[in-house]
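Here is what each chain is made of, one letter per residue.
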Amino acid sequence: MGKYPSSTDSNGGMGNSNNDIIKHSRKCRDLVFLVIFIAFWIAMIVNSSFAFNQGNPLRLNYGLDYKGNVCGERHGDQDLRKLEIRYWLNTNQVYQSGAKDSKFELSNARSICLMDCPIPSEDSLNWVCDYPEGDIRISLDDWTDRNYDYFADLTPELRNTSLQLQGPCYPVIFPSVNVYWTCQFIARASNVSLNHWEQMGGVKVIEDIAIDRSIHKSVSSRSSVLKRYVADVGKAWPVLLVCGGFLPLFLSIIWLLMIRHFAAGMPWFTVFSFNVLMVSVTMFYYMKAGWIGNDAISPIIGEHDPYYHVSARELNHLHVAAVFMTILMIVAFLSSIAIVRRILMATSVLKATALHLFSSGSVLQNDCGANCCAYSLKEKRLSCNSCCGYSIHYTSHIAAAILFHLFGGYWATQFFLACSSTVVAGSVASYYWTRRETSPELPFLPVFSSMKRLARYSLGSVALGSLIVSSVESTRFILEALRRKLKHVDSMPGSWMRKVMYQTSQGCVRLIGCIIKSVNHNAYIMIAITGKGFVKASEMATELIMSNILRIGKVNVIGDVILFLGKLCVSLSSALFAFLMLDTHKYKSAHNKITSPLFPVLVCWGFGYIVATLFFGVVEMSIDTMILSFCQDSDEHQGTAQYAPPLLIETLNCQDEMQRLTQ
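Per an unreviewed UniProt entry, the recorded name for the protein chain is Choline transporter-like protein, and the organism is Salvia splendens. Under Sequence similarities (unreviewed entry), UniProt gives the following word-for-word description of the protein chain: "Belongs to the CTL (choline transporter-like) family." Regarding the protein chain, the UniProt comment filed under Function (unreviewed entry) reads as follows: "Choline transporter."

Following this line, the structure appears as structure tokens:
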């Protein structure tokens with residue numbers, strides 16, 4: 001008798017195996033962790049409601065005006081639906097924010113929302129005036145039609161304050177270009193406009209490269225780039241739906257059908273397709289990075305002088321991605337050559353809330369203490385007390401909410417993957433332990449029977465297993481983030497012993513993570529077969545694998561490699577089609593312009609891999625369930641499997657048992 005007797009009756013003969021193993025008396029396991037999982041999801045719903053109440057995805061792309069309104073928003077102090085571009089009115093303030101040793105920040109410079117970036121006149125002086133209000137009795141549409149200029153209608157007093165750069169009108173002396181919905185000045189003043197300004201008695205306007213550099217520094221900051229990346233994902237939702245959902249779903253079904261009918265040739269086809277797709281995706285990265293052809297991404301939106309170029313952090317990121325993909329392509333090609341001779345062994349064996357969270361926060365006026373004045377049309381006086389600009393202020397609980405949501409999403413992903421794995425394992429185990437497809441002991445709908453057992457008895461065990469994986473991975477991520485932060489603080493060079501210890505600890509953490517994932521995977525199989533709790537099922541699975549490691553090792557290694565390459569083929573196809581969809585005119589111009597295809601493509605790649613993992617997991621889990629069932633069958637019958645199909649025995653090279661079954 002084996003350590004876990006369940007397949008033999010009291011007389012020593014074979015009993016009703018399906019009833020004894022699959023349908024034996026079960027009870028709910030690990031119920032506490034199911035309650036914790038449900039409570040966590042309730043907290044995530046509350047967290048999401050905060051995001052939708054406080055967040056505004058427009059903040060990810062568009063700036064704030066001098067009233068704290070988000071450009072492009074219709075529900076602010078003004079209806080700014082068509083006014084999406086942020087423009088700084090006072091160039092002297094922009095210069096001051098970029099000057100050395102200056103404490104004045106660009107966010108406090110007076111800005112306004114426009115339809116396009118104004119350009120200096122060739123024969124006179126253009127003006128951009130504040131939103132019309134107070135004594136300026138024109139509508140916002142009329143103000144827009146007049147190119148934001150009502151200087152001629154001002155009283156002598158207001159004209160004088162305008163000449164002092166205190167508003168309500170400001171001169172257009174420097175040309176500007178639309179860089180990610182922000183007018184970036186070109187630090188070369190128009191001689192005609194500057195002469196007109198000086199003739200009218202305007203104060204001195206500073207002409208310096210700091211005017212250009214200050215805005216460029218703000219637009220290219222890490223936080224601004226991250227916000228644009230998140231916004232790109234929101235804009236590209238049709239691409240995500242097609243290339244991250246429907247396409248990998250379709251390709252996964254096709255791949256599984258092909259492996260069903262062309263099993264012998266699928267490993268070769270998979271390896272070939274994988275290498276072709278790797279080369280294709282890498283070439284697209286080269287094109288968008290500007291290393292091949294003339295289709296590099298540009299931070300400038302709309303028509304502009306072709307001789308004017310603006311550097312962007314997004315382009316640097318694409319350069320890094322192209323180099324990384326090149327390295328992956330070379331490694332993939334060499335790895336394919338290395339496993340070609342082993343492929344034959346595998347042929348017998350064949351897986352929106354974030355937008356609002358990132359944009360949540362309070363729009364508050366800065367406490368800058370700046371000594372500046374601007375005329376208020378509404379108050380009808382020169383105000384020097386409220387000239388500070390507006391910023392979005394993020395509190396610590398928002399960061400905690402984002403981390404909470406990310407952890408919950410990862411736990412939920414692991415939970416649903418674990419549920420699907422357990423259902424598949426239960427249905428395959430039903431087939432194995434009834435010995436024949438036509439056996440009356442086989443349930444009429446084995447998948448639904450397996451789902452019923454999971455929902456009734458084992459959801460708590462699945463919640464515990466997925467929580468362990470999520471906790472280990474999250475802890476490893478947090479420790480790595482802390483290490484990087486401390487590395488910048490500690491400028492002293494570390495000794496070689498310290499570096500060795502660090503690398504060793506990192507390797508150990510990764511190894512522990514891989515072991516836990518493997519143990520969980522096999523524990524779900526034993527949960528489906530025996531109905532035990534997570535801890536007991538893990539113990540049983542580990543003992544069975546360790547006692548049969550030589551027998552099953554050669555089957556799993558190559559088979560897992562081919563299945564992994566199949567997942568990569570599906571996900572790479574999703575990434576390739578995402579590149580093609582994002583390369584259309586819709587995502588290259590105006591409101592829907594994607595700042596960089598990097599994030600949407602990576603998200604499609606990730607979603608494609610998840611969808612492929614769910615489908616290919618059916619094959620993986622079926623193989624592993626058959627193998628573990630075989631090991632338990634052998635363990636319970638003194639090393640002689642009673643229920644294994646002949647093909648499985650032949651694959652595992654158990655010739656003695658094969659002869660016994662064919663006699």
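From this point, the narrative continues.
Chemist: Mind showing me how you'd approach the overall build of the protein chain here?
Modeler: Along the protein chain, the regular secondary structure elements total 20 helices and 10 strands. Roughly 33,000 Å² of accessible area belongs to the protein chain as shown, and the carbon and sulfur atoms make up 62% of that amount.

Chemist: Looking at this model, I keep getting lost on the nonpolar core. Mind explaining?
Modeler: Side chains that are nonpolar tend, in soluble globular proteins, to be buried together. Counting residues in hydrophobic clusters, the biggest one holds 61 residues, and the most contacted among them are Tyr 87, Ile 112 and Trp 143. Excluding anything up to four places from it in sequence, Ile 112 contacts Asp 65, Tyr 66, Ile 85, Arg 86, Tyr 87, Leu 89, Val 128, Cys 129, Asp 130, Tyr 131 and Trp 143. Ranked by size, the runner-up nonpolar core spans 50 residues in total, among them Trp 411, Trp 433, Ala 528 and Val 619.

Chemist: Any chance you could explain the state of the cysteines here in plain terms?
Modeler: Two cysteines, two sulfur atoms, one covalent bond between them: this is a disulfide. One pass over the structure, following the stated rule, counts 3 disulfides. Note on cysteine connectivity: Cys 117 is disulfide-linked to Cys 183, with sulfurs 2.2 Å apart. Looking along the S-S bond of the Cys 117-Cys 183 disulfide, the torsion reads about -105°, which is the left-handed sense. Here Cys 117 is found in the loop between strand E2 (111-114) and strand E3 (126-129), whereas its partner Cys 183 is found in strand E6 (residues 183-185), with 66 residues between them in sequence. The pair Cys 117 / Cys 183 is uniform in exposure class, with both members buried. A sulfur-sulfur separation of 2.0 Å characterises the disulfide bridge that pairs Cys 129 with Cys 169.

Chemist: In this structure, what is going on with unusual backbone geometry? I would like to understand it.
Modeler: When glycine is set aside, most residues are seen to have a negative phi, and most peptide bonds are trans. Phi at Tyr 148 takes a positive value of approximately 65°, unusual for a residue other than glycine. Within the fold, Tyr 148 resides in the loop between helix H4 (140-145) and helix H5 (156-163).

Chemist: Can you help me understand the pattern of salt bridges in this one?
Modeler: Side chains that differ in sign of charge can pair as their charged atoms come close. Taken as a whole, this structure holds 8 salt bridges when the rule is applied. Asp 79 is the salt-bridge partner of Arg 81, the closest N and O atoms lying 2.8 Å from each other. Using a relative accessible area of 43% as the deciding quantity, one classes Arg 81 as partly exposed. Asp 583 serves as the salt-bridge partner of Lys 288, at 2.4 Å between the closest nitrogen and oxygen.

Chemist: Would you take a moment to explain a nonpolar patch on the surface for this structure?
Modeler: Taken together, the side chains of Trp 237, Leu 241, Val 242, Phe 246, Leu 249, Phe 250, Ile 253, Ile 254 and Leu 257 define a hydrophobic patch exposed on the protein surface, amounting to about 850 Å² of accessible area. Among the structural elements, Phe 250 can be located in helix H9 (residues 237-261).

Chemist: Please clarify how the side chain of Gln 414 should be interpreted in this entry.
Modeler: Counting through the fold element by element, Gln 414 comes out in helix H13 (residues 396-434). On the basis of relative accessible area, Gln 414 is assigned to the buried category, the value being 18%. Apart from the residues lying within four places of it in its own chain, the contact partners of Gln 414 are Ser 466, Val 469 and Ser 470.

Chemist: In this structure, what is going on with the UniProt feature "transmembrane region" (unreviewed entry) in the protein chain? I would like to understand it.
Modeler: Mapped onto this numbering, the UniProt entry annotates "transmembrane region" (unreviewed entry) at residues 31-52, 236-257, 269-287, 318-340, 415-434, 561-582 and 594-619. Summarising residues 236-257: 95% helix, 0% strand, and an end-to-end C-alpha distance of 31 Å.

Chemist: Help me understand the packing of aromatic side chains in this model?
Modeler: Aromatic ring pairs are described here by two measures, namely the spacing of the ring centres and the angle between the planes. Considering all chains together, one arrives at 20 aromatic pairs under this definition. Aromatic side chains Phe 40 and Phe 407 sit 5.6 Å apart centroid to centroid with 65° between the ring planes, which places their arrangement in the edge-to-face category. Phe 40 gets classed as buried once you look at its relative accessible area, which sits at 15%. Relative to Trp 181, the ring of Tyr 62 lies with its centre 5.7 Å away and its plane at 90°, an arrangement referred to as edge-to-face. With Tyr 62 in the loop between helix H2 (31-54) and strand E1 (85-88) and Trp 181 in the loop between strand E5 (176-178) and E6, the pair connects residues that are 119 residues apart, well separated along the chain.

Chemist: Would you mind showing me how to read the confidence of the model for the protein chain here?
Modeler: Low pLDDT means the predicted coordinates in that region are not meant to be read closely. Of the residues in the protein chain, 79% reach a pLDDT of 70 or more, and the chain-wide mean stands at 77. Helix H20 (residues 655-662) is the least confidently modelled element of the protein chain, averaging 43 in pLDDT, while strand E4 (residues 169-172) averages 92, the highest of any element. Predicted confidence is poor over residues 1-19, with pLDDT under 50, and the contacts of this stretch with residues over four places away or in other chains come to 50 contacts. Scored below 50 in pLDDT, residues 654-663 shows 16 contacts in the model against residues more than four places distant or in partner chains.

Chemist: Where do I start with the packing of helix H8 (residues 222-235) against helix H18 (residues 598-636) in this structure?
Modeler: Packed helices, taken two at a time, are described by the angle between their axes plus the distance between the axes. Across the interface, H8 lies against H18 with an axial gap of 8 Å and an inter-helix angle of 60°. The pairing of H8 with H18 is recorded here as oblique in orientation. Considering only the axes of H8 and H18, their crossing is right-handed. Where H8 abuts H18, its residues Tyr 229, Val 230, Asp 232 and Val 233 lie against Leu 598, Phe 599, Pro 600 and Val 603.

Chemist: Is there a simple way to think about H2 in this case?
Modeler: For H2, with 24 residues, the first-to-last C-alpha span of 35 Å sits near the 34 Å given by 1.5 Å per residue. All of the buried residues along H2 are Leu 34, Phe 37, Phe 40, Met 44, Asn 47, Ser 48 and Ala 51.

Chemist: Would you take a moment to explain the packing of helix H16 (residues 534-547) against H18 for this structure?
Modeler: In the contact formed by H16 and H18, the axes pass within 10 Å of each other and the chain directions differ by 80°. Considering their axes alone, H16 and H18 lie roughly perpendicular with respect to each other. Across the interface between the two elements, Met 540, Ala 541, Leu 544 and Ile 545 from H16 touch Leu 628, Cys 631, Gln 632 and Asp 635 from H18. The residue makeup of the contact of H16 with H18, split by class, is 6 nonpolar, 1 polar and 1 charged.

Chemist: How should the environment of Asn 592 be read in this particular structure?
Modeler: Mapped onto the secondary structure, Asn 592 falls in the loop between helix H17 (549-582) and H18. Judged by relative accessible area, Asn 592 falls into the partly exposed class, the value being 29%. Contact partners of Asn 592, with chain neighbours within four places excluded, come to Lys 235, Lys 586 and Tyr 587.

Chemist: Would you explain the environment of Ser 634 in this entry?
Modeler: Tracing the chain through its elements places Ser 634 in helix H18. The exposure class assigned to Ser 634 is buried, which follows from its relative accessible area of 4%. Each C-alpha atom, one on Ser 634 and one on Ala 644, is 9.2 Å from the other, the two residues being 10 residues apart in sequence.

Definitions and limits used
- Residues numbered from 1 in each chain as written.
- Predicted model: local features only at pLDDT ≥ 70, side-chain atom pairs only at ≥ 80, totals over all residues.
- Heavy atoms only, no water.
- UniProt positions renumbered as here; feature names shortened; annotations may be inferred.
- Helix = DSSP H or I, 4+ residues; strand = E, 2+ residues; numbered from the N terminus.
- Areas by Shrake-Rupley, 256 points an atom, 1.4 Å probe, with all protein chains shown as cover.
- Core = buried A, V, L, I, M, F, W, Y, C linked by side-chain atoms within 4.5 Å.
- Buried < 20%, exposed > 50% of the residue type's maximum accessible area, 1.4 Å probe, protein only.
- Contact = heavy atoms within 4.5 Å.
- Disulfide = S-S within 2.5 Å.
- Salt bridge = Lys/Arg side-chain N within 4 Å of Asp/Glu carboxyl O.
- Patch = residues over 30% accessible without salt bridge, like charges linked within 9 Å, V, L, I, M, F, W, Y side chains within 5 Å.
- Phe/Tyr/Trp six-rings, centres within 6.5 Å; stacked < 30°, edge-to-face > 60°.
- pLDDT = per-residue confidence, 0-100.
- Axes fitted to C-alpha atoms, helices over the stretch in contact; angles between N-to-C directions.
- Parallel < 35°, antiparallel > 145°, perpendicular 65-115°, else oblique.
- Left-handed = near helix turned anticlockwise from the far one by under 90°.
- Expected span 1.5 Å × (residues − 1).
- Nonpolar A, V, L, I, M, F, W, Y, C, P; charged D, E, K, R; others polar.

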